[in-house]
Amino acid sequence: MKTIIAVLPIFIKGKGICSQIYYEDKIVTDRRSCENVLKNLCDANNISKKTMKRTVKSIIKIKRNMPWVIDQNHVFFPVTINVSEFPELRRGFINCNFVKEIEDNDVVLVTDERIRTLVSQEALNTNLVLANYLMYRLKYQNLKNFIIGDGIGLKAKILQDKGYKLY
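The rules behind the values
Along each chain, residues carry numbers from 1 onward, in the same order as the chain's sequence is written. Since the coordinates come from a predicted model, pLDDT governs what is reported: local features require at least 70, and pairs of side-chain atoms require 80 or more to be given and counted, while whole-chain, interface and lining totals use all residues. To get the side-chain values, all heavy atoms of the structure are used, and hydrogens and water are removed first. The helix count covers DSSP runs of H or I at least four residues long, the strand count covers runs of E at least two residues long, and both are numbered beginning at the N terminus. Buried, partly exposed and exposed residues are distinguished by accessible area as a fraction of the type maximum, computed with a 1.4 Å probe on protein chains only: under 20%, between the cut-offs, and over 50%, respectively. Here, two residues are considered to be in contact whenever any of their heavy atoms come within 4.5 Å of each other. All accessible areas in this document rest on Shrake-Rupley with a 1.4 Å probe, and a residue is counted as covered only by the protein chains that are shown. In a helix, the anticipated span is given by 1.5 Å times the number of residues less one. Working note: the arc is built from the helix axis to C-beta atom directions.

Focus: the overall build of the chain
And then number 1: Helices and strands together make up the secondary structure of the chain, namely five helices and nine strands.
And then number 2: When the elements of the chain are put in sequence order from the N terminus, they spell out β-β-β-α-α-β-β-β-β-β-β-α-α-α.
And then number 3: Across the 167 residues that make up the chain, the buried fraction comes to 41%.
And then number 4: Restricting the contact set of the chain to residue pairs at least 6 apart, pairs at least 24 apart contribute 47%.
And then number 5: Element-wise, carbon and sulfur atoms account for 49% of the exposed surface of the chain, whose accessible area totals about 10100 Å².

Focus on helix H3 (residues 121–140)
And then number 1: Under the 1.5 Å per step criterion, the end-to-end length of H3 is 28 Å for 20 residues, consistent within 8% with the ideal 28 Å.
And then number 2: Turning to H3, its buried residues number three or more, namely Leu124, Asn127, Leu128, Leu130, Ala131, Leu134, Met135 and Leu138. All buried residues of H3 fall inside an arc of 160 degrees around its axis, so they share one side. In H3, the exposed positions that point more than 90 degrees away from the buried face belong to Glu122, Val129 and Tyr140.

Here you go:
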């Protein structure tokens, strides 16, 4: 799997709300929204989104704008990019491993690209610190056991515990 640097929303006439996925060497336009890209990335890595969100909420004690923890190389924090009536077009996600610095309301990536946001510098710094904390906790304190579910196996175990028969 290639390392994703950022997933940002974009509106393409005739297609609707899409996303631009920034890799280290290229930028790809995808028809899915940013949240769907990250959800599909979770599914590909056999991670339960619900369990991941619950665990992150209990660790960092916030309810909104939580980072998405997928693996050690993919911890994304949300940023507001656009003012729009569509919620899918407002928020993008940036990988905390590839942030070089934060200047005013801009996030400067390691690839020297500048992403202009509508978030204050203080809020950007807070989101980055929380995402880095989760990344280091994932690396060194075995947070992975709490985040990764067994996918279908996890659902089957829950059904067995409730007394349902599985065929």
